[in-house]
Each structure stands twice: as C-alpha cells, then as structure tokens.
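Structural overview
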Amino acid sequence: CEQLGGRSGVTPNFNRLCDEGLFFTRCCASSFRTDRALPAVFCGLPGQPTATIVRHTRKLPCLPAVARDLRGIGYRTMAVHGGDLVIMHKSDFYLSAGNTRLMAQRDFPGNLDHGKWGVHDLPVLERVADEAARLTAAGERWMISVQTLSSHEPFTVPYDRLADPADNSMAYTDHALGQMVGRLKASGAWDNLLMVVVADHGLNRSNTPSHRDQYSHIPLLFTGGAVRRPERIDAIMSQTDIPATLLGQLGLSHDRYPFSRDVLADTYTVQSSFHTYNNGFLFTDQTGLTDYDNLRQSAAPGTADADRELKGKAILQSLYNYIANLDNERKAP
C-alpha cells in the first residue's frame, strides 16, 4: 500500500479511497493466516499462535459477531467468497457469525475467470455491487461481508500490468475494488454506505523474523458515502478493534467484545496492538515493540522490555482462558 510507504503505483484505487475516508495508518493484523483473521475482523477475537478457533465449530456460536448484532436490529446479512467455503470451516464460521445467506464458488457461472482458489475477484466484486444495489433499491438495511482471493499465492490473475507477480495480483484486486466502487456509486448504494476495507494478514516476502513488524502492519480504511469527512487516524490499534469501532460509530453496544476497543472513542487513550505468529507474539505500544518467542521463552534481540512482555503474555493467557470457557450455554441469541 503506497499510503503506508509501500510500492508506488500498485493500488491506485485504494490510494484514492484513502483520501476520501477514515484511513487507519497503524493497524496491526491479528495473526498470520486467514483462519485467524476472520474471527478477528468479525468477532474481535485475537488469533491464536498454534491453533484456530474456527476448527472448534461448537464454540463458534458463542462468540460475539457484528453480523449477528446487525441482523438483530433488522439488517440483511450475507457473506460472499469466490472460493470453497468448506475450506477452513468458513461456512461454519460465517453462518455462526450471523449471516443468513452465503454465496460461494458454486453460485457463480462456471465460465468465469478462475484461479487456484476459486473465482477471481473482479466478477465476484461486480456481483457484490449488484447485490448491494438490489438490496438498497428494495429499501433494505444490509451488511455484506466479502473475502477476496486473487491477491494470494500463486499470484496468477487475468491481469497484466506489473512485472512482479505478487504486485500484479494486488493491482488486479485493486482494479476489481475500483470497478465495484464505480458500480456502487452509479447505483446510489454508495450514498449511505460504510465500506470497511482491510487486509486479512500481511505478506512476509523475506520470510525472516526481522520483518515480522513490517508484515504484521496492514491497511484499514472506512469509506463510503456515510463518511462525513476524510481523516487519517494514526492511533496504534489491532485488527480486533474493528468490531467495537464499527459498532461505536453506529451507536451500538460492544460490551460483549472483550478484546475489541473503539479506537475513535475519547476513552481510547492507552494505545497498543497485539499480533501472533507461529508460537510467538508481537506487542506494540507507544514505548516500542516486543517480539516474544514462546518456544525460546525470550524476546528477539533489541525488542526486550519487561512491561511489554508481561502485557503480551497477559493478553495471550486471557485469550486462552476466554476460549476455554466458551460453551453452548453461553451461546449468543
């Protein structure tokens, strides 16, 4: 993302949208895989270093979820993915999170552009724009959750603008985003829309620990006609803060999201972020960053700090205690 110091010219549509919305410049991914990111984005649950909550399908209905909260006040809820929703128990997750309708690879025509993971992003996002226009014209309130798939290895896409395959795949998804926004604006669905654009996780090109703090840094944007004025938000935050921040803007309670914070509230004064990797974590606050390896039981060179280490361990312990205590008796309505 060029707006965060990335390569120039890769995501021109996203760059333009950043100038029109609320752009969060210091957002940290919850973890390193999509199966951790989905509960983070929609339920405010931090990713686990060596496990994932989505494999524990009995516990999923017990998690708070934005789609379920909005469905409870009359929103139509829908999740869209161009791939197979059976993979990583995605269908279980999206249904448990309160989506009453799912759209997956099987729901798209077979002659559309496909890649390793399913239908490519352009036709999927065009379909999403059409669904949004239909729901808006019908006078419905709605939430559509969309997971893209083209900007992922092996980075093979029906698009050829940049030489680097990974950059080109990002550029393709950015092109698809621009086309969807154009359709939304033309249909009128954009006028009262709040669209949240966020990466599920980063890309560690070097695959070295020294770059963990870089690939955990992800873009987050709130845009759409509902945004009163553009603004850059430079507060340190986590991907898990999306639910509380979104619900706070809607005037809805987020008390049931213990790990999520409303970063736009006046009460958000102690800034921090938390990221987990394979058996380790990063904890960042206004004093700096600690990268702690759970196996070695030590911080990476140059990142040791007793206070940050203690806070990161406390979050991790609280997370596992919370998951252990989730059961069907605590199931959300």
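Residues numbered from 1 in each chain as written. Predicted model: local features only at pLDDT ≥ 70, side-chain atom pairs only at ≥ 80, totals over all residues. Heavy atoms only, no water.

So, about helix α5 (residues 121-137). The terminal C-alpha atoms of α5, which comprises 17 residues, lie 24 Å apart, in line with the 24 Å expected from a rise of 1.5 Å per residue. The inward-facing, buried residues of α5 abut β2 (76-81), β3 (101-103), β5 (118-119), β6 (142-147) and α6 (165-187). Following α5 by one or two positions, Gly139 has its phi on the positive side, about 80°. (Helix = DSSP H or I, 4+ residues; strand = E, 2+ residues; numbered from the N terminus. Expected span 1.5 Å × (residues − 1). Contact = heavy atoms within 4.5 Å.)

If you walk across this open sheet you meet the 3 strands as β3-β2-β6, and the pairing is parallel. Edge positions in the sheet fall to β3 and β6, since each of these pairs with one other strand and no more. Across the sheet, the axes of successive neighbouring strands diverge by a mean angle of 15°, strand direction being ignored. In this sheet, β3 lies alongside β2 in parallel orientation, the contact comprising 3 bridges. Bridging from a neighbouring strand, Val80 pairs with Met103 of β3. Its contacts with the sheet put α5 on β2, β3 and β6, and the angle it makes with β6 is roughly 175°. (Pairing = 2+ DSSP bridges. Axes fitted to C-alpha atoms, helices over the stretch in contact; angles between N-to-C directions.)

Once their charged atoms are close, side chains differing in charge can pair, the charge on each being opposite to the other. Using the criterion set out here, one finds 17 salt bridges in the structure. The shortest N-O distance in the salt bridge between Arg101 and Glu131 comes to 3.0 Å. With Arg101 in strand β3 and Glu131 in helix α5, this residue pair connects regions lying 30 residues apart in the sequence. Owing to a relative accessible area of 34%, Arg101 belongs among the partly exposed residues under this scheme. With its nearest N and O atoms 3.9 Å apart, the salt bridge here joins Arg308 to Asp305. (Salt bridge = Lys/Arg side-chain N within 4 Å of Asp/Glu carboxyl O. Buried < 20%, exposed > 50% of the residue type's maximum accessible area, 1.4 Å probe, protein only.)

All right, on to the sheet that holds strand β11 (residues 272-277) then. As summarised here, the arrangement of the 4 strands in space is β11-β12-β13-β14, forming an open sheet in which the pairing is antiparallel. Of all strands in the sheet, those bounded by a partner on one side alone are β11 and β14 (298-299). Where β11 and strand β12 (residues 280-285) come together, 6 bridges link them in antiparallel fashion. Across the sheet, the residue bridging to Tyr277 is Gly280, located in β12. Sitting on the sheet, helix α9 (residues 306-325) is in contact with β11, β12 and β13 (288-293), with an inclination near 120° to β12.

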